[in-house]
Amino acid sequence: MTTDPHLRRAEFVATLLDDAVELPVVGGVGLDPLLGLLPVAGDTVAAGIGLYIVLEAFLAGVPNRTLLRMLVNIVVDWAVGSVPVVGDLFDAWFGSHRRNVDLFARALEG
């Protein structure tokens, strides 16, 4: 468990969006793929919530290069996630919010 309060809050949001419920075969699934069932609007809401992770990273002093990578993950998740059916499967697999928390944590480590 991290001691950084920014990272702790980001981890909570990533868990909520990407791995809140453990399903057999699939693994962790969160709100992002479920929101994605609403074409474009659901993915836009998930991306907006995901920006909170980037904000926490910014407030923690993460380098701009890492912040840019995090934003690219959100854009890719939003763009591909907006495609009906395929996008929902992609959302469940890609886990952009978890990826962003991993980038955030690595930036704080070194």
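Small disclaimer: the values here were computed from a predicted structure and weren't measured.

Enquirer: An account of the packing of aromatic side chains is needed here, citing residue identities and associated values.
Expert: Scanning all chains against the criterion turns up three aromatic pairs. Judged by centre distance (5.8 Å) and plane angle (50°), the rings of F90 and W93 are tilted. Taken together, the residues span about one helical turn, with F90 and W93 both in helix α5 (residues 86-94) at a distance of three residues. Residue classification places F90 among the buried positions, given a relative accessible area of 16%. Just above the ring of W93 sits the side chain of R99; from NZ or CZ to the centre is 5.6 Å.

Enquirer: Account for the side chain of N73, naming residues and giving values.
Expert: One can find N73 in helix α4 (residues 64-81). Classification of N73 as buried rests on a relative accessible area of 13%. Apart from the residues lying within four places of it in its own chain, the contact partners of N73 are F94, S96, R99, N100 and L103.

Enquirer: Go over the nonpolar core with me, naming the residues and quoting the values.
Expert: Counting residues in hydrophobic clusters, the biggest one holds 17 residues, and the most contacted among them are I53, A57, L67, M70, V101 and F104. Those elements that place two or more of their residues in this core are α1 (5-19), α3 (41-59), α4 and α6 (96-109). The greatest single-element share of this core, amounting to five residues, is contributed by α1. In contact with L67, not counting residues within four places along its chain, are V54, A57, F58 and V62.

Rules behind the numbers
- Residue indices follow the written sequence of each chain, beginning from 1 at its first position.
- Only residues with pLDDT of 70 or above have their local features reported here, since the model is predicted, and side-chain atom pairs are shown and tallied only from 80 upward, although totals for entire chains, interfaces and linings are computed over all residues.
- To obtain the side-chain values, all non-hydrogen atoms of the structure were used and water was disregarded.
- Two aromatic rings, drawn from Phe, Tyr or Trp (for Trp, its six-membered ring), form a pair once their centres lie within 6.5 Å of each other, and the interplanar angle then sorts them: stacked below 30 degrees, edge-to-face above 60, tilted otherwise.
- A run of H or I in DSSP becomes a helix once it reaches four residues, and a run of E becomes a strand once it reaches two; helices and strands are each numbered from the N terminus.
- The cut-offs for exposure are 20% and 50% of the maximum accessible area for each residue type, with area from a 1.4 Å probe on protein chains only; residues under the lower value are buried, those over the upper are exposed, and the others partly exposed.
- Should the NZ of a Lys or the CZ of an Arg lie within 6 Å of a ring centre and within 35 degrees of the ring normal, that charge is described as sitting over the ring.
- Residue contacts are defined here by distance: any two heavy atoms, one from each residue, within 4.5 Å place the two residues in contact.
- Definition of nonpolar core: a set of buried residues of the types Ala, Val, Leu, Ile, Met, Phe, Trp, Tyr and Cys, connected through side-chain atoms within 4.5 Å.

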